[in-house]
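What follows is the residue order along each chain.
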Amino acid sequence: MTTAIAHANIALVKYWGKADTQTNAPAVGSLSLTLSKLWTRTTVNFRGPQKADRFYLNDRQVAPHERDRLTQFIDEVRRRSGIGRFCEVRSINSFPTAAGLASSASGYAALAMAAMHAAGKPLPPEKLSSLARLGSGSAARSIHGGFAELPAGGGGQASGAIQIADKDFWPLAVLVAITDGNPKKISSRDAMEITQRHSPYYSAWVDSSVQDLEFMRAAVLQRDFDAMGALAEHSALKMHGLIMSTRPGLIYWNPGTVAVMQEVLKLRQGGVGAYFTIDAGPQVKVLCRPHDRSVVAERLLALPEIHDLTICAPGPSAHIVEET
Ligand code: PMV
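Quick caveat: nothing in here was measured; it's all calculated off a predicted structure. (Residues numbered from 1 in each chain as written. Predicted model: local features only at pLDDT ≥ 70, side-chain atom pairs only at ≥ 80, totals over all residues. Heavy atoms only, no water.)

> Looking at this model, I keep getting lost on the site of the ligand. Mind explaining?
The immediate surroundings of the ligand are formed by 14 residues, with Tyr15, Ser136, Ser138, Arg141 and Ser188 found nearest. Here an oxygen atom of the ligand and a backbone polar atom of glycine 137 are 3.2 Å apart. A distance of 3.1 Å separates an oxygen atom of the ligand from a polar atom in the side chain of serine 188. Across the complex, the protein chains shield 92% of the 390 Å² of accessible surface that the ligand would expose by itself. Tallied by class, residues from the shell around the ligand come to six nonpolar, five polar and three charged. Two domains share the shell around the ligand, each providing at least three of its residues, namely domain 1 (2-166) and domain 2 (173-312). (Near = heavy atom within 4 Å. Polar contact = N/O pair within 3.5 Å; in protein donor to acceptor, adjacent residues only side chain to side chain. Areas by Shrake-Rupley, 256 points an atom, 1.4 Å probe, with all protein chains shown as cover. Nonpolar A, V, L, I, M, F, W, Y, C, P; charged D, E, K, R; others polar. Domains from an automatic or database assignment.)

Given below as structure tokens:
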């Protein structure tokens, strides 16, 4: 029995679109920052069930469609490790599940690590990352702490993410503003497929992401806060513009999402370095320097649309916390 913790990550250059749906090979490269306070803790036990795998999230059995996806993932773990047994998987999230807060990223990263350990075949981070990618593209990045890059492509031979810089490289604050704690209505997997098929902007998105990734890598390595923040905001808005341009158009935002974006612009006009980014959900993450986090938090908490605010620092790599 093994327990692992993996942290969620926020993409500074977004992954949206697949080169291969079977293996989650991304159509575009992405670069992310792992977050300290959003994590999944997962225990895998191959000595429990006799007849079928069992999956629990926050002490509840998971829904059938999620169970099928998880079983497929565990089948891959069985194939790679040679273990023939069924398993029980118990996960706890430190944050609302499937509300656009990267629960699949931390979830599949923790599961990949705990399951391979429990099956007696621990893997090095790069291999673990390519396994996690089969569960969810963004999970490949959550194996690493700090800043991670997942290259485009990779086809059948899933390539994993690599670490660009560790969590201590650049102290930053990320304020996670919750505007709605309910699960999102359309998964990123389905939305990506619709976008690829129906947005007239899709090829422009793919083409422009090559330069975004290069510029972001340079901005991070130079610790250039304004270059990083401005490009993170651009990548998020470009992704949402793309998502809105599908048929039917998809809108993940709510009035609270827009209120936070506008407050961030006002903060900048007032001389406070703050930039927003948004994944496939209504929550907004605001990036700032650590010494500005209290003033940013105060301004965001004053908005009536904000339900909750979590202040994160760069988070650590996925790690084992218990083994018996
Ligand atoms: O890997 P998925 O299916 O959770 O998709 C992630 C998509 C975004 O969160 C919107 C962007 C990203 O790069 O994390």
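The structure having been displayed, the exposition proceeds.
> I would appreciate a short explanation of the side chain of histidine 7 in the present structure.
Examined against the element boundaries, histidine 7 turns out to sit in strand β1 (residues 2-13). For histidine 7, a relative accessible area of 6% puts it in the buried group. A polar side-chain atom of histidine 7 sits 3.0 Å from the main-chain carbonyl oxygen of serine 36. Apart from residues no more than four positions distant in its own chain, histidine 7 is found in contact with Thr34, Leu35, Ser36, Lys37, Leu38, Trp39, Ser106, Ser142, Pro316 and His319. (Helix = DSSP H or I, 4+ residues; strand = E, 2+ residues; numbered from the N terminus. Buried < 20%, exposed > 50% of the residue type's maximum accessible area, 1.4 Å probe, protein only. Contact = heavy atoms within 4.5 Å.)

> Just to check I follow, could you spell out the pattern of salt bridges for this structure?
A pair can form between side chains of opposite charge whenever their charged atoms are brought close. Applying the stated rule across the entire model yields 18 salt bridges. In this structure, arginine 78 engages aspartate 53 in a salt bridge whose closest nitrogen and oxygen atoms are separated by 2.7 Å. Taken together, the positions of arginine 78 in helix α1 (residues 64-81) and aspartate 53 in the loop between β4 (30-45) and β5 (54-57) put the pair 25 residues apart, joining distant regions of the chain. Note on aspartate 53: relative accessible area 10%, which makes it buried. Linking arginine 90 and glutamate 88 is a salt bridge whose minimum nitrogen-to-oxygen distance equals 3.0 Å. Relative accessible area serves as the criterion here: at 18%, glutamate 88 is assigned to the buried category. (Salt bridge = Lys/Arg side-chain N within 4 Å of Asp/Glu carboxyl O.)

> Can you walk me through the domain arrangement of the chain in this structure?
Note: interface size is frequently given as the accessible area lost on complex formation between the parts. What the domain assignment reports for the chain is domain 1 (2-166) and domain 2 (173-312). Taking only C-alpha atoms into account, the centre of domain 1 sits 23 Å from that of domain 2. Of the residues lining the interface, 33 residues belong to domain 1; the matching set on domain 2 comes to 45 residues. Summed over both sides, the interface of domain 1 with domain 2 buries roughly 3100 Å², with 70% coming from carbon and sulfur. Area buried by domain 1 at its contact with domain 2 is led by Leu12, Lys14 and Trp16, which between them contribute 27% of it. Along the contact surface separating domain 1 from domain 2 lie two salt bridges. (Buried area = accessible area lost by both parts, 1.4 Å probe.)

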